[in-house]
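Here is what each chain is made of, one letter per residue.
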Amino acid sequence: MSAETVATTRGKGPRHVALIMDGNGRWAERRGLPRVVGHREGVQALRRTIKAAPDLGIDCLTVFGFSTENWSRPADEVSDLMGLVRSFVGSDLKKLDQAGVQVRVLGRRKGLPVDIARIVDQTVRQTAGNKRFLLQVAFNYGGRADLVDAAQRLADLARAGQLPHEITEDDLNAGLSTSGAPPVDLIIRTSGEQRLSNFLLWEAAYAELVFQDILWPDYGAEALAEAVAIYRARDRRYGGRPAEADNLVKVAAV
């Protein structure tokens, strides 16, 4: 997508893109390499994608880093993934902060290694005042777990007499870890798989879904631009009908 095309279509969105970064292990296995090499290359792909997003008019990027189910992976792979978190924050946090990127970490803090929880808190605190771009990292995150936590929050408020009205969608939404972010416009999954895998279940209600047959370590600006172009070619109706259909009904009734 050329710079001129981007400039003329920025207003069409998407404003908020979410990414299921799938395919690190398969990328490595096809090359006869350890899975951790695929994860390391996946970090490079993430850097390229974060850099490309603002030029496509994207204000918020949410990436699925580590799910509540990923703890069941082999211990050495989990350890390698935790090491990548430490490395990424150590090398990139200062750059992200200087670039005006606010980093939010979605998901449960409970159960994280002590030093990882400390890194998460430091990252969120250090970038909290940045406004140029919002990067949300879903870490120790699951869509069902997030809904359970939001429901528990409402139950606690009701028990304390602080919920004097019937529960609304806004009440539940306020308890999700994504609260305060723009609505999700587009969810992308790489590697050719076509499922959400417990990612942003509530937020996905009216998001457009794009599945790309590219392994995550090969991802970057061009692939992201292709997904954005697919999004912009779609007609988002949120359960309604396109204006053209309404006009045809009116003509038929005359």
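Here, every reference points to the structure presented above.
For clarity, every value in this text was computed on a predicted model and none was experimentally measured. Throughout, residues of each chain are indexed from 1 in the direction in which the sequence is written. Under the rules for a predicted model, residues below a pLDDT of 70 receive no local features and side-chain atom pairs below 80 are neither given nor counted, while totals for whole chains, interfaces and linings still include all residues. Side-chain descriptors were evaluated using all non-hydrogen atoms of the structure, hydrogens and water having been removed beforehand.

Draft legend 1. A look at the pattern of salt bridges. Whenever Lys or Arg places a side-chain nitrogen within 4 Å of a carboxyl oxygen from Asp or Glu, that contact is recorded as a salt bridge. Counting across every chain of the model gives 16 salt bridges. The salt bridge involving Arg47 is made with Asp92; its shortest N-O contact spans 2.8 Å. Taken together, the residues Arg47 in helix H3 (residues 35–52) and Asp92 in helix H4 (residues 75–98) connect sequence positions 45 residues apart. Residue classification places Asp92 among the buried residues on the basis of a relative accessible area of 8%. Several salt bridges converge on common partners, so that one network encompasses Asp22, Arg26, Arg189, Glu193 and Arg195. Elements are defined by DSSP. Helices are runs of H or I of four residues or more, strands are runs of E of two residues or more, and each kind is numbered from the N terminus. When a residue's accessible area, from a 1.4 Å probe over protein chains only, is under 20% of the maximum for its type it is buried; when over 50% it is exposed; and in between it is partly exposed.

Draft legend 2. Representation of the packing of H4 against helix H5 (residues 114–127) in the model. Between H4 and H5, the shortest axis-to-axis distance is 11 Å and the interhelical angle comes to 15°. Taken together, the axes of H4 and H5 lie roughly parallel to each other. Crossing hand, H4 versus H5: left-handed. Facing Met82, Val85, Arg86, Val89, Leu93 and Asp97 of H4, the residues of H5 in contact are Asp115, Ile116, Ile119, Gln122, Thr123, Gln126 and Thr127. Three classes are used, and their members are as follows: Ala, Val, Leu, Ile, Met, Phe, Trp, Tyr, Cys and Pro are nonpolar, Asp, Glu, Lys and Arg are charged, and the others, Gly among them, are polar. Split by residue class, the contact of H4 with H5 holds six nonpolar, four polar and three charged. For helices, the fitted line uses only the C-alpha atoms of the stretch in contact; every axis is such a line through C-alpha atoms, and the angle between N-to-C directions lies from 0 to 180 degrees. Angles are sorted into four bins: roughly parallel if under 35 degrees, roughly antiparallel if over 145, roughly perpendicular if 65 to 115, and oblique for all others. What makes a crossing left-handed is the near helix being turned counterclockwise from the far one by less than a right angle; a clockwise turn instead makes it right-handed. Should any heavy atoms of two residues lie within 4.5 Å, those residues are counted as being in contact.

Draft legend 3. Structural view of the pairing of strand S1 (residues 16–20). With five of its five residues buried, S1 lies for the most part within the structure. Neither face of S1 is exposed, since His16, Ala18 and Ile20 on one face and Val17 and Leu19 on the opposite face are all buried. Following DSSP output, two strands are said to pair if at least two bridges run between them. As judged from the four bridges shared by S1 and strand S2 (residues 60–67), these two strands associate in the parallel manner. Paired with Leu19 across the bridge in S2 is Val63.

Draft legend 4. Focus on the sheet that holds S2. Spatial strand order, S3-S4-S2-S1-S5-S6: six strands in an open sheet with parallel pairing. Two strands in the sheet have a free side with no partner beyond their single neighbour: strand S3 (101–106) and strand S6 (208–211). Recorded for the sheet is a direction-independent mean angle of 20° between the axes of neighbouring strands. Across the face of the sheet, H5 comes into contact with S3 and strand S4 (133–141) while running at roughly 145° to S3.

Draft legend 5. Fine view of the nonpolar core. The definition of a nonpolar core used throughout is a set of buried Ala, Val, Leu, Ile, Met, Phe, Trp, Tyr and Cys residues joined through side-chain atoms within 4.5 Å. Counting residues in hydrophobic clusters, the biggest one holds 46 residues, and the most contacted among them are Leu135, Phe139 and Tyr219. Considering every element that reaches this core, the biggest residue donor is H4, with nine residues. Ignoring sequence-local partners within four residues, the contact set of Phe139 consists of Phe66, Met82, Val85, Val105, Leu106, Gly107, Arg108, Leu112 and Ile116. Within the second largest apolar cluster, twelve residues are counted, among which are Ile20, Phe64, Val184 and Ile187.

Draft legend 6. Spotlight on unusual backbone geometry. That bond from Gly13 to Pro14 is cis: its omega, 5°, falls within 30 degrees of zero. Looking at where Pro14 falls in the secondary structure, it is placed in the loop between helix H1 (3–9) and S1. Even without being a glycine, Asn198 presents a positive backbone phi close to 65°. Its location among the elements puts Asn198 in the loop between strand S5 (186–189) and S6. By relative accessible area, which is 15% here, Asn198 ends up buried.

Draft legend 7. The environment of Val184, seen in detail. Note on placement: Val184 falls in the loop between helix H7 (169–174) and S5. As for Val184 and Gly90, which are separated by 94 residues in sequence, their C-alpha atoms are 29 Å apart. Not counting the four nearest positions on each side in its chain, Val184 is found in contact with His16, Ala18, Leu200, Glu203, Ala207 and Arg236.

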